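For reference, the chains in residue letters:
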Amino acid sequence: LEEEQDRLASINSLPMFCFPDVDLVEQVRKMKTETYCFVFTDLQAQNKFGYCRRFLPAPKQNPPEKRFPVVYCMVTKLRSFETFSKIFDQVVELRDFSSAGAYSFLKALIEQNAPKPARSITVKYINAKIGNLVDIHVARVTADQRFEHVDLVHVLNKLGSKLLVEIFINLLVERKLLFVAECLSDLTTVIHSIMQLLYPLHWQGIYIPVLPQEIIDATSSPVPFVIGILKQHTKVMDEEALDDECNIVYITEKKIVKRPNFTDIPFNKKYRKRFLAELKGL
């Protein structure tokens, strides 16, 4: 019964996580397509990942009218950002021609077992555009599934090596980290990649890579956390409620802001230099 209630609660909260910025969403004529990922944690402390693709549907007239963005979401235990990003590429392409074609592909996909690392599966579905049965190969390109959620080059470009080492040290001592970015794709790509770099260690605190505006008060939690929010939502966040152990990482600005009474972390300079040298050699 508890598991069923937990499942229903997850389903009911899906719209909130698909549109964590619902207060900012409006009709537009053009927008940047985004792929992002949120996390649910069940009663057994197991993570489920909600992969999302947000895009603007094709216009119905010329010049284009204003439209609301659409989100496709797939919830799974599989940790593979690149695989689902490619799936969404196919779904959006099919939807531009026919929503029935996109539905046919997704229905065929969920009836299959997920591909194993470095393997692929073949999805057969009716292509509404040509009216025939077609095959699409869905692959997981990495043999080691620990690295399917890691884009280290992207993280280094976004943060720089010095800031990445600073974040890593804070994670090791279980400090609170609040990540701030201007878009959902940057926010989740950076956070998920950093968390995978902890291996073989595993983060035991609160983990919310995308925090909806509706529950922004979670940033005042008394326990260690890794939380991501949009920069626009810092205006409604109560910074006074953040305790002295919380650091705020501004991804776009490549900086970390420490609380006024923050106790700095003693860390061996030799190891810090070694970390930096390894990162610069990538």
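Bear in mind the structure is a predicted one, so any value in this text is a computation, not a measurement. Sequence order as written defines residue numbering, which begins from 1 separately in each chain. Only residues with pLDDT of at least 70 get local features here, since the model is predicted, and only at 80 or more are side-chain atom pairs given and counted; chain-wide, interface and lining totals rely on the full set of residues. No hydrogens and no water enter the side-chain calculation; it runs on all heavy atoms of the structure.

Engineer: Honestly, the pairing of strand 10 (residues 255-258) in this entry has me stumped. Any pointers?
Structural biologist: Side-chain positions along a regular strand alternate between the two faces of the sheet. Here, strands pair whenever DSSP counts at least two bridges between them. Secondary structure elements follow DSSP: runs of H or I of four or more residues count as helices, runs of E of two or more count as strands, with numbering from the N terminus. Of the pairings in the sheet, the one linking strand 9 (residues 246-250) to strand 10 comprises four bridges and is antiparallel in character. Looking at strand 10, one finds that Tyr 250 is bridged to Lys 255. As consecutive antiparallel partners, strand 9 and strand 10 are separated by four residues, and within that stretch Lys 254 has a phi angle of approximately 55°, a positive value.

Engineer: How should I be thinking about the pairing of strand 6 (residues 176-181) in this particular structure?
Structural biologist: Accessibility here uses a 1.4 Å probe with only protein chains present; expressed as a share of the type maximum, an area under 20% marks a residue as buried, one over 50% as exposed, and anything in between as partly exposed. Counting buried residues along strand 6, six of its six residues qualify, which places the element largely inside the surrounding structure. The two faces of strand 6 match: Lys 176, Leu 178 and Val 180 on one face and Leu 177, Phe 179 and Ala 181 on the other face are all buried. Pairing geometry for strand 6 and strand 9, over five bridges, is parallel. In the sheet register, Lys 176 faces strand 9, and the bridge partner there is Cys 246. Strand direction decides the pairing type here: strand 6 and strand 8 (residues 225-230), joined by five bridges, are parallel. Each bridged residue has a counterpart across the sheet, and for Ala 181 the counterpart in strand 8 is Leu 230.

Engineer: Can you help me understand the packing of aromatic side chains in this one?
Structural biologist: Aromatic ring pairs are described here by two measures, namely the spacing of the ring centres and the angle between the planes. Note on aromatic contacts: the rings of Phe and Tyr and the six-membered ring of Trp form a pair at centre separations within 6.5 Å, being stacked when their planes are under 30 degrees apart, edge-to-face when over 60 apart, and tilted otherwise. Under the definition given, this model contains seven aromatic pairs. Here Phe 38 and Phe 40 contribute two aromatic rings whose centre-to-centre distance is 5.2 Å and whose plane-to-plane angle is 65°, an arrangement assigned as edge-to-face. One aromatic cluster in this structure is built from Phe 49, Tyr 51, Phe 81 and Phe 84. A cation sits over an aromatic face here: Lys 255 above Tyr 250, 5.5 Å from the ring centre. Both a distance and an angle decide whether a charge sits over a ring: NZ of Lys or CZ of Arg must be within 6 Å of the ring centre and within 35 degrees of the ring normal.

Engineer: Could you clarify how one ought to interpret the sheet that holds strand 6 in this entry?
Structural biologist: Sheet strands line up and pair through hydrogen bonds in the backbone, either parallel or antiparallel. Taking strand neighbours across the sheet as the criterion, the five strands line up as 7-8-6-9-10 in an open arrangement whose pairing is mixed. The open sheet has two edge strands with one neighbour each: strand 7 (206-208) and strand 10. For this sheet the average axis-to-axis angle between neighbouring strands, irrespective of direction, equals 20°. Contacts were defined at the residue level, with two residues in contact if any of their heavy atoms lie within 4.5 Å. All axes here are fitted lines through C-alpha atoms, helices being fitted over the stretch that makes contact, and every angle between N-to-C directions spans 0 to 180 degrees. The sheet contacts of helix 5 (residues 161-172) involve strand 6, strand 8, strand 9 and strand 10, and relative to strand 10 the element is tilted by about 40°. Across the sheet, helix 6 (residues 184-196) touches strand 6, strand 7 and strand 8, and the angle it forms with strand 8 is around 165°.

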